[in-house]
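Here are the chains, one letter per residue:
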Amino acid sequence: MASEEEGQWVLMATGRSPTNIAVIKYWGKRDEALILPVNDSISVTLDPDHLSATTTVAVSPSFSADRMWLNGKEISLSGGRFQSCLREIRKRARDFEDEKKGIKIKKEDWEKLHVHIASYNNFPTAAGLASSAAGFACLVFTLGKLMNVKEDYGELSSIARQGSGSACRSIYGGFVKWCMGKKDDGSDSIAVQLADEAHWKDLVIIIAVVSSKQKETSSTSGMRDSVETSPLLQYRAQTVVPSRVLKMEEAIKNHDFELFAKLTCADSNQFHAVCLDTSPPIFYMNDTSHRIIGLVEKWNHSEGCPQVAYTFDAGPNAVLIAWDRKTAVLLLQKLLYYFPPQDKDLSSYLVGDKSILSDAGLHSIEDVEALPAPPEMKMHDQKFKGDVSYFICSRLGAGPKAVADESQALLDSVTGIPKGV
Ligand SMILES: Nc1ncnc2c1ncn2[C@@H]1O[C@H](COP(=O)(O)OP(=O)(O)OP(=O)(O)O)[C@@H](O)[C@H]1O
Ligand SMILES: C[C@@](O)(CCOP(=O)(O)OP(=O)(O)O)CC(=O)O
């Protein structure tokens, strides 16, 4: 290791990674330590402008320990998952030189340098919106940039997988498949991109954030209990998912929304059935989630073919995928009819791509109050004000990206401590 002013420099990198939502779910591990799943899964990557983690990583000879801050609060890095990611990336680190700054780091020197990590999620953490997926993908991607790692994305995905299983799918944009793999060492359990975000541009994603509170049963412990106790999980993994994955790949390739929606809804429902089949049973959805399913099912049925797909991860939030903008506008009108905002501020009730509000003719709370009742629903008079915290309107998005603009770094370039601390 060499530099003009030994010990004075801080070398940093910043990256941003999207979250993803599975349309064929991962639920159950065959190896807890390596995070190897019992079935393949398929996801869509969401637009990082709306749901993403931003992470800055830094090394300096002046750092005395590995440290991490998540959303401004220092957290421990001692957990096995963080340690696995750090170890695997350090193993692949390569020589680095910045002549201008007088920094030279040899491959073998990376092991001796401590890292500081600061990360920020632009959406609720640990609320069933896959913050761990965006977070670990971002950590691995950004550490890889800092340490001059040249491995391909498949390899990076298998490292991110060791942080959180679903994180391996956030290494790519668009439609992504996590191949479960067969090997005991997990080297073939990697993510591959099925199609990029431009492949099916019409899709619009509306997320109803039903609760942004932290959930009671984490995905990790929930799926462990399911593997131990649910007979349905075995049947699902061995018999249902393999053929469903093939059909989903076809649906994506052919832009077949009818098949895509049927498979997405069926798979979400089966995942939650496995949760109910677990002892003790796990309840991730609540009454609001069930009402949203009812609304979509009735609408799809009345149209004779699916307009919208729904899927729920390990929490009550609904992820709704509409097949085009026009359908998304109708969906939003129906949702806001039943779930109007508690207060009068419409612009904070829908975040992300707010332009959908004007497309739906919703400029004020009075416009929401004037919405007609969806004709296909029987119970018109009942409304559920306040049951949805807010909505996010999004779309498919790209994979992780380096953030070159140093002003966006979360760590101070001189001290290596989070800015403002
Ligand atoms: N930006 C981040 N960087 C690194 N780690 C993160 C980040 N965000 C979240 N995590 C890790 O993920 C954990 C939360 O994961 P958890 O699986 O409980 O919730 P979730 O990912 O939001 O929901 P789910 O995966 O069930 O949809 C945090 O406690 C933290 O360890
Ligand atoms: C319901 C899910 O979102 C479960 C995600 O589980 P995690 O990836 O959070 O679990 P660990 O691997 O234990 O970290 C379905 C999915 O994303 O496929």
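Within each chain, residue numbers correspond to sequence positions counted from 1 in written order. To read the labels, note that chains go from A and ligands from 1, taken in the order they are written. For a predicted model such as this one, the threshold for reporting local features is a pLDDT of at least 70, and the threshold for listing and counting side-chain atom pairs is 80 or more; totals across whole chains, interfaces and linings nevertheless cover every residue. Hydrogens and water are ignored here; the side-chain numbers use all heavy atoms of the structure.

An unreviewed UniProt entry lists the protein under the name Diphosphomevalonate decarboxylase, with Panicum hallii var. hallii as the source organism. UniProt annotates the protein under Function (unreviewed entry) with the comment "Performs the first committed step in the biosynthesis of isoprene-containing compounds such as sterols and terpenoids." UniProt positions are given in the numbering used here, feature names are shortened, and annotations may be inferred rather than shown by experiment. Per UniProt, the comment on the protein under Sequence similarities (unreviewed entry) is "Belongs to the diphosphomevalonate decarboxylase family."

**Focus: the layout of surface pockets**
Left-over empty space is what a probe sized like a water molecule reveals as it rolls over the atoms. Considered as a void within the structure, the second largest pocket measures approximately 370 Å³ in volume. Definitions used for this entry: grid spacing 1 Å over protein atoms alone; cavity, a set of points where a 1.4 Å probe fits but cannot get out; pocket, an open set with protein on both sides within 12 Å along at least 5 of 7 lines; lining residue, one with an atom within 4 Å of a point. In this structure, the second largest pocket is lined by 16 residues; those nearest its centre are Leu-11, Met-12, Ala-13, Thr-14 and Glu-406. The way it works is that DSSP assigns letters per residue, a run of H or I at least four long becomes a helix, a run of E at least two long becomes a strand, and they are numbered from the N terminus. Counting only elements with at least two residues in the lining of the second largest pocket, the list comes to strand E1 (11-18), strand E9 (96-98) and helix H2 (131-146). Per-element accounting of the lining of the second largest pocket gives the leading share, four residues, to E1. Tallied by class, residues from the lining of the second largest pocket come to ten nonpolar, two polar and four charged. Grid points are joined across faces, edges and corners, and a volume is the space filled by probe spheres set on the points. Under the convention adopted here, Pro, Cys and the residues Ala, Val, Leu, Ile, Met, Phe, Trp and Tyr are nonpolar, Asp, Glu, Lys and Arg are charged, and Gly plus all remaining residues are polar.

**Digging into the domain arrangement of the protein**
The domain boundaries assigned to the protein delineate domain 1 (11-195) and domain 2 (204-394). Note that domain bounds follow an automatic or database assignment of domains. Using only C-alpha atoms to locate each centre, domain 1 and domain 2 end up separated by 28 Å. Buried area: the accessible surface (1.4 Å probe) lost by two parts on joining, summed over both. Interface of domain 1 and domain 2: buried area, both sides summed, is about 3100 Å²; carbon and sulfur atoms make up 69% of it. Definition used for salt bridges: Asp or Glu carboxyl oxygen within 4 Å of a side-chain nitrogen of Lys or Arg. Taken together, the connections running from domain 1 to domain 2 amount to three salt bridges. Under the rule applied, a polar contact is a pair of N or O atoms within 3.5 Å (in protein, one hydrogen donor and one hydrogen acceptor; residues adjacent in sequence only if both atoms are side-chain atoms). On the surface where domain 1 and domain 2 come into contact, there are eleven residue pairs in polar contact (both at pLDDT 80 or more). At the level of elements, strand E2 (20-24), strand E5 (41-45), strand E12 (175-178) and strand E13 (191-195) are the ones that each hand at least two residues to the side of domain 1 that touches domain 2.

**Concerning the sheet that holds E5**
Strand order in the open sheet formed by four strands is E2-E5-E12-E13, and the pairing between neighbours is antiparallel. Edge positions in the open sheet fall to E2 and E13, since each of these has one partner strand only. Between one strand axis and the next, the sheet turns by 35° as a mean value, whatever way the strands run. At least two DSSP bridges between two strands are needed for those strands to be called paired. As paired elements, E12 and E13 share four bridges and run antiparallel to each other. The residue of E13 that forms the bridge with Phe-175 is Ala-195. Sitting on the sheet, helix H5 (residues 231-253) touches E2, E5, E12 and E13, and the angle it makes with E2 is about 115°. Each axis is a line fitted through C-alpha atoms, taken for helices only over the stretch in contact, and angles between the N-to-C directions span 0 to 180 degrees. Only heavy atoms enter the contact rule, under which two residues are in contact if any of them lie within 4.5 Å.

**So, the sheet that holds strand E11 (residues 115-121)**
Spatial ordering of the open sheet is given by E8-E7-E11-E6-E1-E19, a layout of six strands whose pairing is mixed. Strands at the two margins of the open sheet, each flanked by one partner only, are strand E8 (73-75) and strand E19 (401-402).

**Focus: the packing of H5 against helix H6 (residues 257-276)**
The interhelical angle for the contact between H5 and H6, taken along N-to-C directions, is 160°, at an axis separation of 10 Å. When the axis of H5 is compared with that of H6, the two are roughly antiparallel. Pair H5 / H6 crosses with left-handed handedness. Facing H5, whose interface residues are Leu-232, Leu-233, Arg-236, Val-240, Val-241, Arg-244, Lys-247, Met-248, Ala-251 and Ile-252, H6 presents Leu-259, Phe-260, Leu-263, Thr-264, Ala-266, Asp-267, Gln-270, Ala-273 and Val-274. Here is the rule for angles: anything less than 35 degrees is roughly parallel, anything more than 145 is roughly antiparallel, 65 through 115 is roughly perpendicular, and the remaining ranges are oblique. If you view the pair so one helix is near and one far, a crossing is left-handed when the near helix is turned anticlockwise from the far one by less than a right angle, and right-handed when it is turned clockwise.

**Let's talk about the state of the cysteines**
Cysteine sulfur atoms are paired as a disulfide whenever they fall within 2.5 Å. If you walk through the whole model with that rule in mind, you get zero disulfides. There is no disulfide at Cys-138, and the cysteine sulfur nearest it, in Cys-85, is 12 Å away. Note on Cys-138: relative accessible area 0%, which makes it buried. Just so you know, Cys-265 is unpaired, no disulfide at all, and the nearest cysteine sulfur is the one on Cys-305, 13 Å from it. Between buried and exposed lies partly exposed: a residue is buried under 20% and exposed over 50% of the maximum accessible area for its type, with that area taken using a 1.4 Å probe on protein chains only.

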